[in-house]
Amino acid sequence: MSRRVVIVIGVVLLLGLAGAGTLGWMWFTRDRVALLTYRIQLAEGASMREVITREEELMESNQILEQVISNLNLVEGWRMDSREEALAHMREKIIVTEDRIGSRVRVIYRDRKQQRALEILQEIRKVFTPVRIERKDLPPLLPMDVEDSGGVPQWDPLPESP
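Calculation rules
Residues numbered from 1 in each chain as written. Predicted model: local features only at pLDDT ≥ 70, side-chain atom pairs only at ≥ 80, totals over all residues. Heavy atoms only, no water. Salt bridge = Lys/Arg side-chain N within 4 Å of Asp/Glu carboxyl O. Helix = DSSP H or I, 4+ residues; strand = E, 2+ residues; numbered from the N terminus. Buried < 20%, exposed > 50% of the residue type's maximum accessible area, 1.4 Å probe, protein only. Contact = heavy atoms within 4.5 Å. Axes fitted to C-alpha atoms, helices over the stretch in contact; angles between N-to-C directions. Parallel < 35°, antiparallel > 145°, perpendicular 65-115°, else oblique. Left-handed = near helix turned anticlockwise from the far one by under 90°. Core = buried A, V, L, I, M, F, W, Y, C linked by side-chain atoms within 4.5 Å. Nonpolar A, V, L, I, M, F, W, Y, C, P; charged D, E, K, R; others polar.

A. The arrangement of the pattern of salt bridges in detail. Within the structure shown, the criterion is met by 6 salt bridges. For the salt bridge of Arg106 with Asp99, the shortest nitrogen-to-oxygen distance reads 3.4 Å. Among the ionic contacts, a cluster of salt bridges with common partners joins Asp31, Lys93 and Arg110.

B. Geometry of the side chain of Arg132. Looking at the secondary structure, you find Arg132 in helix α6 (residues 114-134). Judged by relative accessible area, Arg132 falls into the buried class, the value being 1%. Leaving out residues up to four positions away in the same chain, Arg132 has contacts with Ile40, Glu55, Leu58, Leu138, Pro139 and Leu141.

C. Highlighting the packing of helix α3 (residues 62-72) against α6. One way to put it is that α3 packs onto α6 with a least axis distance of 9 Å and a crossing angle of 135°. Taken together, the axis directions place α3 and α6 in an arrangement best described as oblique. With respect to the hand of their crossing, α3 and α6 are arranged in right-handed fashion. Contact residues: Gln63, Ile64, Gln67, Val68, Asn71 and Leu72 in α3; Glu119, Ile120, Glu123, Ile124, Val127, Phe128 and Val131 in α6.

D. Up close: the nonpolar core. With 34 residues, the main nonpolar core has Tyr38, Met90, Val107, Tyr109 and Ile124 as its most contacted residues. Listing elements by their share of this core, those giving two or more residues are β1 (32-40), α2 (48-59), α3, α5 (83-93), β2 (94-99), β3 (104-111) and α6. With 8 residues, the single largest contributor to this core is α6. Contact partners of Met90, with chain neighbours within four places excluded, come to Leu65, Val68, Ile69, Leu74, Trp78, Tyr109, Ile120 and Ile124.

E. Looking closely at the packing of α2 against α6. It is at 11 Å that the axes of α2 and α6 come closest, and there the two elements cross at 120°. One way to sum up the angle between α2 and α6 is to call them oblique. Crossing hand, α2 versus α6: right-handed. Across from Glu55, Leu58 and Met59 in α2, the residues of α6 making contact are Ile124, Phe128, Val131 and Arg132. Across the contact of α2 with α6, the residue classes break down as 5 nonpolar, no polar and 2 charged.

What follows is the structure, given as structure tokens:
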């Protein structure tokens, strides 16, 4: 074999190893998600974008997140130095968006561990729901569609942790 062929083969192998290493790193460090969806009764003429912004502000408020951090002992569990650091971390991991199907709000929580993401989102739901129901400046919550829930109306299709 000529020297050029050996160099090309070496470069291809090096690029392949670098690409596989990068993909492997991305696989192990990627976030897993937990999903929560709930319906709201949107008033005629109301902007869904404004409602989502207010829902997100409430969901990421100290009132909600501090209670979740306390209930799950996340400062110690995450080995963080302070509650403020845990609050900032949680705010980075929560995503509140509009679901394109019929006035629904979609909440996503991202974490490296799927089980922990589910536990945190379930705790957020437990703390958030009573506070959210009391708020009169937000549209009322609606039960999920009966056909979506196997014939039983429900507020939240979030699965229980195994």
